[in-house]
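Residues per chain are reported as follows:
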Amino acid sequence: MIGLMSATAAGAAARDRLAAAWPDRTRVYEGPVGEAVRSAFAECEQLVCFLATGAVVRLIAPLLRDKAGDPGVVCVDEGGRFAVSLVGGHAGGANELAREVAEVLGAEPVVTTATDAVGLPGLDTLGLPVEGDVAGVSRALLDGEPVALRAEVSWPLPPLPVIPGAGVCTVRVTDALVEPGEGEVVLRPPSLVAGVGASKGAPVEEVLELVEGCLREAGLSVASLAELATVEAKAGEPGIVGAAQRLGVPLVAYAAEELAEVEVPNPSDAPLAAVGTPSVAEAAALVRGGELLVPKRKSAGRPATATCAVARRPGRGRLAVVGLGPGARDLLTPRARAELRRASVLVGLDQYVDQIRDLLRPGTRILESGLGAEEERARTAVAEARKGHAVALIGSGDAGVYAMASPALAEASEDIDVVGVPGVTAALAAAALLGAPLGHDHVSISLSDLHTPWEVIERRVRAAAESDLVVTFYNPRSRGRDWQLPKALAILAEHREPATPVGVVRNASRPDESARLTTLAGLDPATVDMMTVVTVGNTATRRVAGRMVTPRGYRWQEEAR
């Protein structure tokens, strides 16, 4: 939760704008500002103070404990001109919060953290647990000194200005239980899986002690534990559930039939009779592949009530398929921004790359190409992920809608991790400009016959017309393909009145956007191009106060006609 507080009417106005934009993320603290700051500091993960910087410094100074535990604090001047990351830039997320606040309020973010100021990735912002001399290694990076990368476990990382081999300082990627040396930072990849079995009523403490003991005695760090895994029949066992919660990792359950197919070194008749698989702990640890580091061990109870085995999963490449939205920067989601920052390789259409180039970390490798190379880009992105990289494949709108997700996922197999990042589609951006044309059942149809035979497209248009669906046409008309839109409109006209509202939106959300309302009979296809989305209403769609509206039901109030 983000605590908000202010001392004046001007500050309260900006505060309330932020609260209205983030109703589920924020809590407004009223009353004397000193008491408000103290309460929010104790209760919230982050604070935004609409006060003078000096006043905030004096108020929070007695409350500060350490950078790992203090909330992130952002200070906004009462004129709403600047959002200053004051405390907890990395650990408390204040740097990113300052940027988000500035975007909402139209302010300038002020970030003074050294690495952020020069565009270097903060070692504590890479999404992995970090230990060691973060300040010293960061200083070496800032000074341009050689920093060595020692990757004992292969893991997809964002771009880092480090080199394999010797250096003054070292970034070490390992799941081993080691103490960082002088001038060394240790990154902990989530590479370990603990397979767990338990008898009914096994105590949480016994399960927890067993898991931690297995890791410790094998010289493995609990910070690299990615999950506990078990059989479905034990997924609700309180001891296992509680241990996962105490360790702060997810509990993943597999069907007994799936575990029974995993070859393990220590099968047993007891679990076979109890839950239908000759192994729970070892099979659950190995079911997604990897190397068994700790064979099955029993807990120390008398009798033992839990078993555990630990495996290291191989480092897998990561492919994030990212939707950039329709073009406007404020319609790019925070999740999409985070994936762009995480990627060491970016693959995309050149004009889309230009839209977000400034959001990438320095050192990100960019593989761009022109129109018509969708399948090539998909193959390239998957190939880079298979090499172990963190890859972002970008597309406009939502990457799963007439974009890159489908060709990429057709290429991808189970040897890489795939993450989908949704985006605002062109149809939704256009609908917001037109009014509410998609208020009832609707369909999107691409009129491009480059990938789909026209006979199939026509059949779908006719089905939409007969079903009285609102229709949004993507790719409606190009210089070499000018007859499909008139044909589609003619099909709709067989089932709808000439006065049916039609919305025409070009470059939705971009600086040169345009939107207009016309009718089914009045639309001139020659005014439409590939940058245009055409939305045709159904028999209930009306023009209300200059807006295109389709009701959620088919009963209109008489006065709305």
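See the structure printed just above.
So, here's what we can say about the structure. (Residues numbered from 1 in each chain as written. Predicted model: local features only at pLDDT ≥ 70, side-chain atom pairs only at ≥ 80, totals over all residues. Heavy atoms only, no water.)

Overview of the environment of Ala540
1) Next: Secondary-structure assignment places Ala540 in the loop between strand S27 (532-536) and strand S28 (542-544).
2) Next: Using a relative accessible area of 5% as the deciding quantity, one classes Ala540 as buried.
3) Next: The sequence separation of Ala540 and Val264 amounts to 276 residues, and the corresponding C-alpha distance is 63 Å. (Helix = DSSP H or I, 4+ residues; strand = E, 2+ residues; numbered from the N terminus. Buried < 20%, exposed > 50% of the residue type's maximum accessible area, 1.4 Å probe, protein only.)

Comments concerning the environment of Ala432
1) Next: Residue position: Ala432 is located in helix H16 (residues 426-434).
2) Next: Through-space distance from the C-alpha of Ala432 to that of Gly397 is 14 Å; in sequence the pair is 35 residues apart.

Examining the packing of helix H7 (residues 204-217) against helix H8 (residues 238-247)
1) Next: One way to put it is that H7 packs onto H8 with a least axis distance of 8 Å and a crossing angle of 55°. By the criterion of interaxial angle, the relationship of H7 to H8 is oblique. Our pair here, H7 against H8, has a crossing hand that is right-handed. For the pair H7 and H8, contact is made by Val204, Glu205, Val207, Leu208, Val211 and Glu212 and by Pro238, Gly239, Ile240, Gly242, Ala243, Arg246 and Leu247, respectively. (Axes fitted to C-alpha atoms, helices over the stretch in contact; angles between N-to-C directions. Parallel < 35°, antiparallel > 145°, perpendicular 65-115°, else oblique. Left-handed = near helix turned anticlockwise from the far one by under 90°. Contact = heavy atoms within 4.5 Å.)

Some words on the packing of aromatic side chains
1) Next: For the coordinates displayed, the defined rule picks out two aromatic pairs.
2) Next: Both rings, one in Tyr402 and one in Tyr474, keep their centres 4.7 Å apart while their planes meet at 55°; by these two values the pair is tilted. One end of the pair, Tyr402, is in the loop between strand S20 (390-395) and helix H15 (405-411); the other, Tyr474, is in strand S24 (residues 470-474), and 72 residues separate them in sequence.
3) Next: Its relative accessible area of 44% is what places Tyr402 among the partly exposed residues.
4) Next: For Tyr474, a relative accessible area of 10% corresponds to the buried category.
5) Next: Note on Trp454 and Trp483: the rings are 5.0 Å apart at their centroids and 70° apart in plane angle, and the pair reads as edge-to-face. Placement of the pair is Trp454 in helix H17 (residues 454-466) and Trp483 in the loop between S24 and helix H18 (484-493), with a sequence separation of 29 residues.
6) Next: Directly above the ring of Trp22 sits Arg25, whose terminal nitrogen or CZ lies 4.2 Å from the centroid. (Phe/Tyr/Trp six-rings, centres within 6.5 Å; stacked < 30°, edge-to-face > 60°. Lys NZ or Arg CZ within 6 Å of the ring centre and 35° of its normal.)

A word on the sheet that holds S27
1) Next: On the basis of which strands lie adjacent, the open sheet formed by five strands has the order S23-S24-S27-S25-S26 and mixed pairing. Taken across any chain shown, the strands that pair with only one partner, and hence form the sheet edges, are strand S23 (442-446) and strand S26 (514-519). This sheet shows a mean twist of 20° between the axes of neighbouring strands, independent of strand direction.
2) Next: Bridge count for S23 against S24 is five bridges, and the pairing is parallel. (Pairing = 2+ DSSP bridges.)

Examining the packing of H17 against H18
1) Next: Two numbers describe how H17 lies on H18: the axes approach to 9 Å, and their chain directions differ by 30°. The angle between H17 and H18 falls in the class roughly parallel. Two packed elements cross with a definite hand, and for H17 against H18 that hand is right-handed. The segment H17 lies against H18, with Trp454, Glu458, Val461, Arg462 and Ala465 engaging Gln484, Lys487, Ala488, Ile491 and Leu492.
2) Next: Among the residues forming the contact of H17 with H18, the class breakdown is six nonpolar, one polar and three charged. (Nonpolar A, V, L, I, M, F, W, Y, C, P; charged D, E, K, R; others polar.)

A word on the side chain of Thr26
1) Next: Structurally, Thr26 can be placed in strand S2 (residues 26-28).
2) Next: Of the residues examined, Thr26 reaches a relative accessible area of 11% and is grouped as buried.
3) Next: With residues up to four places along the chain from it excluded, the contact list for Thr26 reads Met1, Ile2, Leu4 and Ala19.

Let's talk about the pairing of strand S14 (residues 251-254)
1) Next: Bridging between strand S13 (residues 225-231) and S14 involves four bridges; their strand directions are parallel. Looking at the pairing, Ala229 lines up with Val252 of S14.
2) Next: Taking the sense of rotation as the criterion, the β-α-β connection linking S13, H8 and S14 turns out right-handed. (Right-handed = clockwise from strand over helix to strand, strands pointing away.)

A word on the nonpolar core
1) Next: Residues Val211, Leu225, Leu228 and Val310 are the most contacted members of the largest nonpolar core, which totals 23 residues.
2) Next: Counting only elements with at least two residues in this core, the list comes to strand S12 (192-198), H7, S13, H8 and strand S16 (306-312).
3) Next: Leave out the neighbours within four places in its chain, and Val310 touches Leu192, Val193, Ala194, Cys214, Leu215, Leu220, Ala285, Glu291, Leu292, Leu293 and Val294.
4) Next: Ranked by size, the runner-up nonpolar core spans 21 residues in total, among them Ala488, Val502, Leu520 and Leu523. (Core = buried A, V, L, I, M, F, W, Y, C linked by side-chain atoms within 4.5 Å.)

Observations regarding the sheet that holds S12
1) Next: An order of S14-S13-S12-S16-S15 is seen for the five strands of this open sheet, with the pairing classed as mixed. Edge positions in the sheet fall to S14 and strand S15 (291-298), since each has one partner strand and no second. Going across the sheet, the axis of each strand differs from the next one's by a mean of 25°, ignoring polarity.
2) Next: Summarising the sheet, S12 and S16 pair through seven bridges and their orientation is antiparallel. For Val193, the partnering residue across the bridge sits in S16 and is Ala311.
3) Next: Across the face of the sheet, H7 comes into contact with S12, S13, S15 and S16 while running at roughly 35° to S16.

Digging into unusual backbone geometry
1) Next: Of note, the bond from Arg302 into Pro303 is cis; its omega dihedral lies within 30 degrees of zero at 0°.
2) Next: Among the structural elements, Pro303 can be located in the loop between S15 and S16.
3) Next: Of note, the phi angle at Tyr402 is positive, near 50°, even though the residue is not glycine.
4) Next: With a phi angle near 50°, Asn507 is a residue other than glycine that sits in the positive phi range.
5) Next: Secondary-structure assignment places Asn507 in the loop between strand S25 (501-506) and S26.

Re the pattern of salt bridges
When the charged atoms of two side chains lie near each other, side chains of opposite charge can form a pair.
1) Next: Under the criterion given, the structure shown has 27 salt bridges.
2) Next: The partner of Arg462 in a salt bridge is Glu458, with the nearest N and O atoms 3.3 Å apart. Of this pair, Arg462 and Glu458 both sit in helix H17, four residues apart, roughly one helical turn.
3) Next: You can call Arg462 partly exposed: its relative accessible area is 26%.
4) Next: Within the structure, one salt-bridge network assembled from shared partners comprises Arg150, Glu152, Arg172 and Glu184. (Salt bridge = Lys/Arg side-chain N within 4 Å of Asp/Glu carboxyl O.)

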